[in-house]
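Structure assessment
The lines below spell out each chain.
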Amino acid sequence: MTTSSETIRVAAVQIAPDLTSKARTLDKVMSAMREAAGKGAKLVVFPETFVPWYPYFSFVLPPMLAGQEHLRLYEEAVSVPSVETAALSALARELDIVAVIGVNERDHGSLYNTQLIFDADGSLCLKRRKITPTYHERMIWGQGDGAGLKVVETAVGRVGALACWEHYNPLARYALMTQHEEIHVAQFPGSLVGPIFSEQIEVSMRHHALESGCFVVNATGWLTDEQINSISEDPKLQRGLRDGCMTCIISPEGRHVVPPLTEGEGILTADLDMRLITKRKRMMDSVGHYARPELLHLVHDTRPAKTVLPVAAPSAASTLRDADVPSQIQSEIEEPFNAG
């Protein structure tokens, strides 16, 4: 945990991906990491599924017309681990920064909306998948699990992360709050839905900062006019690919530390006065003195989801009878519910 008197400089990056190449998008990420580190940032945050790009096509194209772009996303997606993650790890270590990057993760035949947190020593300290893809995204990504709802200790303090409308799942946010996150990292696609989206993002980010008593660093993406035209030439559909940007850094008091970035490309930087965490929690600690666990509490299944639960055949020396196997499995399934 950071000391109460420490000040940490952070950066939130709002740039456009390269919609034609994972390699070129990765180059933009690494260039921005160097630029942010050159400005003194110790934490650098990128938008949702930025590598290779957010699947904007799925918001405006019907399923019958989206297949080609969906397959292209498979081809450009990131495996974890891979040469791409190795490059990001090495650069984080070289620059001595914590880097948070959204990727389209390919795991065999499925894609996932995945958040990667690289610590300043280059280690991948968190890989988590968005627990519920939103609306059009459900055609693109699979679901994550409760194992990813985890706050990790990093060089800049205790960091938690959620993507986009996961912030509308109060229990997901509470799961991170109970782990005493000091910096909450948020990621949105940007250039989506329209102006109302940026307003909604701002409300969500400021509310979480207040409720959690933590700093929030949020990054949204950006699309150029040329990129929007490449996705759809229909002016009516193009309206859904504009605005919706709210790259911002929020204090535990719910205030913007610096003015937000709502259009164009840029890197937002700010110095976080970590003393504000205790200042806020002295008044209202949602998971401490302001909680009522005897009335309301969360049951959080932290086990990774598995499609197969293997049960080994008993050895001759084993006392486990075949008849006990179903009850053993049932007990493991029911365990988190019984704990509540």
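Residues numbered from 1 in each chain as written. Predicted model: local features only at pLDDT ≥ 70, side-chain atom pairs only at ≥ 80, totals over all residues. Heavy atoms only, no water.

Let's talk about the pattern of salt bridges
- One pass over the structure, following the stated rule, counts 22 salt bridges.
- As a salt-bridge pair, Arg9 and Asp271 come within 2.7 Å of each other at their nearest N and O atoms. Here Asp271 lies in strand E11 (residues 266-273) and Arg9 lies in strand E1 (residues 7-14), a separation of 262 residues in the sequence.
- With its nearest N and O atoms 3.2 Å apart, the salt bridge here joins Glu265 to Lys28. (Salt bridge = Lys/Arg side-chain N within 4 Å of Asp/Glu carboxyl O. Helix = DSSP H or I, 4+ residues; strand = E, 2+ residues; numbered from the N terminus.)

A short note on the sheet that holds strand E9 (residues 215-220)
- Read across the open sheet, the 5 strands follow the order E6-E7-E8-E9-E10; overall the sheet is mixed. Each edge of the open sheet is held by one strand with a lone partner, namely strand E6 (152-154) and strand E10 (248-250). With strand direction ignored, the average angle separating the axes of adjacent strands in the sheet is 25°.
- Bridge count for strand E7 (residues 157-163) against strand E8 (residues 183-188) is 5 bridges, and the pairing is parallel. Among the inter-strand pairings, Gly160 is bridged to a residue of E8, identified as His184.
- Of the strands in this sheet, E7 and E8 are in contact with helix H5 (residues 170-177), which crosses E7 at around 170°. (Pairing = 2+ DSSP bridges. Axes fitted to C-alpha atoms, helices over the stretch in contact; angles between N-to-C directions. Contact = heavy atoms within 4.5 Å.)

What to know about the packing of helix H1 (residues 22-38) against helix H4 (residues 83-95)
- Two numbers describe how H1 lies on H4: the axes approach to 11 Å, and their chain directions differ by 10°. Looking at the two axes, H1 sits roughly parallel to H4. Residue-level inspection shows Lys22, Leu26, Val29, Met30, Met33, Arg34 and Ala37 of H1 in contact with H4, the latter providing Glu84, Ala87, Leu88, Leu91, Ala92, Glu94 and Leu95. (Parallel < 35°, antiparallel > 145°, perpendicular 65-115°, else oblique.)

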